[in-house]
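# Examination of the molecular architecture
The primary structure of each chain is shown beneath.
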Amino acid sequence: MRRRNAPASPPTDPHLAGPFPFTARLRGMSTGGALALLLAAVGAVGIWVLAVGHAERRAVEAVAADARHRLEIYANNLDSAVERFDYLPTVAARDPAVAALAAAGFGHTDPVEVDRVNRYLEAVNASAGSAVLYLMDAEGRTVASSNWNRPDSYVGVDFSYRPYFRDARDQGVGRFYGVGTVTRLPGYFIAAPVERDGRRVGVLAVKIVLDALEDGWRTSHDAVLVADRFGIVFLSSNPEWKFRARRPLDPDTVTYLNETREYVGLDHPPLVLPRSLRTHPDLLVERGLSRYGWTIALAADAHPVAQAAATARIGLALLLLLALAIGLYVRQRVKRLREQRLAKAALDRAYQDLERQVEARTADLRDAQAELVQAAKLAMIGQVAAGVTHELNQPLTALRALADNARLLLDQGRQAEVSQNLTHIAGLVDRMAKISSQLRNFSRRSEGPAQPVALPGAVQEALALLDRRLKEARVQVTVDVPEVTVAFDPVRLQQVLVNLIRNAEDATAGVAEPHIAITAVPALLDQRAAVRVTVADNGPGLDPAVRDRLFDPFVTTKPGGQGLGLGLAISLAIAQEYGGQLEARDGDDGGAVFLLTLPLISVEHDDAIT
Ligand code: ADP
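Residues numbered from 1 in each chain as written. Predicted model: local features only at pLDDT ≥ 70, side-chain atom pairs only at ≥ 80, totals over all residues. Heavy atoms only, no water.

In the annotation of an unreviewed UniProt entry, the protein chain is listed under the name C4-dicarboxylate transport sensor protein DctB and assigned to Nitrospirillum viridazoti CBAmc. The Subcellular location (unreviewed entry) comment attached to the protein chain in UniProt states, word for word, "Cell inner membrane". Per UniProt, the protein chain has the following entry under Function (unreviewed entry): "Member of the two-component regulatory system DctB/DctD involved in the transport of C4-dicarboxylates. DctB functions as a membrane-associated protein kinase that phosphorylates DctD in response to environmental signals." (UniProt positions renumbered as here; feature names shortened; annotations may be inferred.)

Structure (structure tokens):
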């Protein structure tokens, strides 16, 4: 008997099983995985910072460009608002009455003339749209003014300390921005000399209020400021910024401001720009107004920048999430593929192991079956031998008698009768040789391939082997088998038929008129042409106690060691070995029926054999 292969050890895989798979994974993470994760995080933060920064810069550039454009418009507006009045004092000063009054000087004037000039200035001022138009004598005292009839009239007020007065008198033109000492209203002053007979006898000044510009800026929601040459904001859409200093004032400037009373003693705390401008200084666009020594600046709205940054953040967050999701998916996929590969390898190993085991078991079974068949055959030979011995005794006795008789006849010279005797003897010897050859055939261990076997012949040979027994038991056997050829081993087929017929004969032992019917009809076996041989008897039928186990080895109901219980088991094994089938059922009229289905020889098979 072949030794079984030792079962292969169960598949072990450090990734799939093992006592500490989780810690193993963590350990894996702490090196390569953790480093990759850290790099990815650093990369993500870097991309985030760069991209958000880039989006902000782009937005700042766009907003600043737009702001510069508007700043240009505001600067032009401011310029034209002032320019409109540039020649007003010069032109108004040409009036001889004006010059005469200035020349007369404050305190020496004719009230009628003063009144005339007052009204003249008032009319010009009204039509030009300026704030105040007033005339000063050479000492800077106001002799006539467009606001002569108002409570805050300039008439009599001394403006000699104002730079515009001195500049106009001494240099021909005076320009100045300041808060009115009388009105407390800030304004722009343009002054021109009043000349009489080639002499500068006074100064005519116009004050312009630029508040309307501020209103315009405010309505367009722009934060605009105009600062003087010292950096003091004097016009702004934001009232909070007004009169604040964009840079620290040096002591000389402070002294100058006090002297000229430019801002009539107002404080100039430092200008604090909004935080967004400190973060993005480019949002503050400015340009000089060289004609006046001023600077106009526009603080652009930082909201679009914040919005662009927020959009970039959201976009980036989505992108990073997408990247993360893709990363996780890829990781999962790689892991699953690895696991699948490992599982497949484990499965392959297990399969190979199983195949080896199946092979070993099959070989064992084949051996056991062969041994069993052989053992059963020997057991049967024992039983058959008894019958055969009896069968041989008869012709032996006859041979003896014929031989003795032949000797006597020879002595008597009866040649013809001797010859007859000898022919008889030869016939008996033939019969004996046949019996012994059948016995030899039966006991031979045969594992031959299927070959064409004529079914009627096989049945007859089986019956011949059992002839004596059947006769003794007075069993009536009827055979109705067509001339068909089956694909089987002849010896094995005989063995199976002998088994079935013998069992039938055993079953009919106590029956008054024992009968065995052997028939065969065409059938199908796994879609192939076959023949079904039926061995039916009129015995007691199948014992319910063993009906379900008939084909199991060592199942027998025969008493006192008469049966081994191997016949059917071996017969079934043989039938199946050659692609046949063996079944049992109750007969319609009592008794048992055994159905042996045998494959018919196929055409190719037939060809191969012939
Ligand atoms: P054995 O003949 O040694 O008992 P078998 O395997 O040939 O072994 O038969 C097993 C059993 O099947 C028999 O003991 C018997 O109970 C039953 N059996 C077989 N053939 C018949 C039959 N023709 N009628 C009734 N019972 C049968």
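## Let's talk about the overall build of the protein chain
Secondary structure summary: the protein chain contains 15 helices and 16 strands in total. Counting the 610 residues in the protein chain, one finds 39% classified as buried. When contacts within the protein chain are restricted to residue pairs at least 6 apart in sequence, those whose partners lie at least 24 apart make up 64%. Taken as a whole, the protein chain presents about 34,100 Å² of accessible surface, with 56% of it coming from carbon and sulfur. (Helix = DSSP H or I, 4+ residues; strand = E, 2+ residues; numbered from the N terminus. Buried < 20%, exposed > 50% of the residue type's maximum accessible area, 1.4 Å probe, protein only. Contact = heavy atoms within 4.5 Å. Areas by Shrake-Rupley, 256 points an atom, 1.4 Å probe, with all protein chains shown as cover.)

## Looking at the site of the ligand
Close contacts around the ligand come from 19 residues, with Asp-537, Thr-556, Thr-557, Lys-558 and Leu-568 the closest. In this structure, a nitrogen atom belonging to the ligand sits 2.7 Å away from a side-chain N or O atom of Asp-537. Between an oxygen atom of the ligand and a side-chain N or O atom of Thr-557, the distance comes to 2.4 Å. For the ligand, the protein covers 94% of the area, taking 530 Å² as the surface of the free molecule. When residues of the shell around the ligand are traced back to their parent elements, those giving at least two are α13 (490-507), α14 (567-577) and β16 (592-599). Tallying contributions element by element places α13 first for the shell around the ligand, with 3 residues. Residues belonging to the shell around the ligand are distributed by class as follows: 10 nonpolar, 7 polar and 2 charged. (Near = heavy atom within 4 Å. Polar contact = N/O pair within 3.5 Å; in protein donor to acceptor, adjacent residues only side chain to side chain. Nonpolar A, V, L, I, M, F, W, Y, C, P; charged D, E, K, R; others polar.)

## So, the packing of helix α3 (residues 96-104) against helix α4 (residues 111-128)
Orientation of α3 relative to α4, taken along the N-to-C sense of each, is 130 degrees, at an axis distance of 10 Å. With respect to α4, the axis of α3 lies oblique. Between α3 and α4 lies a crossing whose hand is left-handed. Within the contact between the two elements, α3 uses Ala-97, Val-98 and Leu-101 and α4 uses Glu-113, Val-114, Arg-116, Val-117 and Tyr-120. (Axes fitted to C-alpha atoms, helices over the stretch in contact; angles between N-to-C directions. Parallel < 35°, antiparallel > 145°, perpendicular 65-115°, else oblique. Left-handed = near helix turned anticlockwise from the far one by under 90°.)

## Quick look at the UniProt feature "coiled-coil region" (unreviewed entry) in the protein chain
In the numbering used here, UniProt assigns the "coiled-coil region" (unreviewed entry) feature to residues 337-371. End-to-end, the C-alpha atoms of residues 337-371 are 50 Å apart, and along that stretch the chain is 100% helix and 0% strand.

## Notes on the pairing of strand β3 (residues 174-179)
With 5 of 6 residues buried, β3 lies mostly within the body of the structure. Looking at chain direction, β3 and strand β4 (residues 186-196) are connected through 6 bridges and run antiparallel. The partner of Val-179 across the bridge, within β4, is Pro-186. Counting the residues between successive antiparallel strands, the hairpin from β3 to β4 contains 6 residues, one of them, Arg-184, with a positive phi of roughly 65 degrees. (Pairing = 2+ DSSP bridges.)

## Side note on the sheet that holds strand β7 (residues 233-236)
Spatially, β7-β6-β9-β8 is the arrangement adopted by the 4 strands of the open sheet, whose pairing is antiparallel. Whereas interior strands pair on both sides, the edge strands pair on one side only; in this sheet they are β7 and β8 (284-289). With direction set aside, neighbouring strand axes in the sheet form an average angle of 20 degrees. One ladder, built from 5 bridges, connects strand β6 (residues 223-227) with strand β9 (residues 294-299); its direction is antiparallel. In the sheet register, Ala-223 faces β9, and the bridge partner there is Ala-299.

## Some thoughts on unusual backbone geometry
In this model, Asp-197 sits at a positive phi of 55 degrees, which is unusual for a non-glycine residue. As for its position among the elements, Asp-197 is in the loop between β4 and β5 (199-208). Judged by relative accessible area, Asp-197 falls into the exposed class, the value being 75%. Phi is positive for Asp-526, close to 50 degrees, though the residue is something other than glycine. Within the secondary structure, Asp-526 sits in the loop between β13 (515-525) and β14 (528-537).

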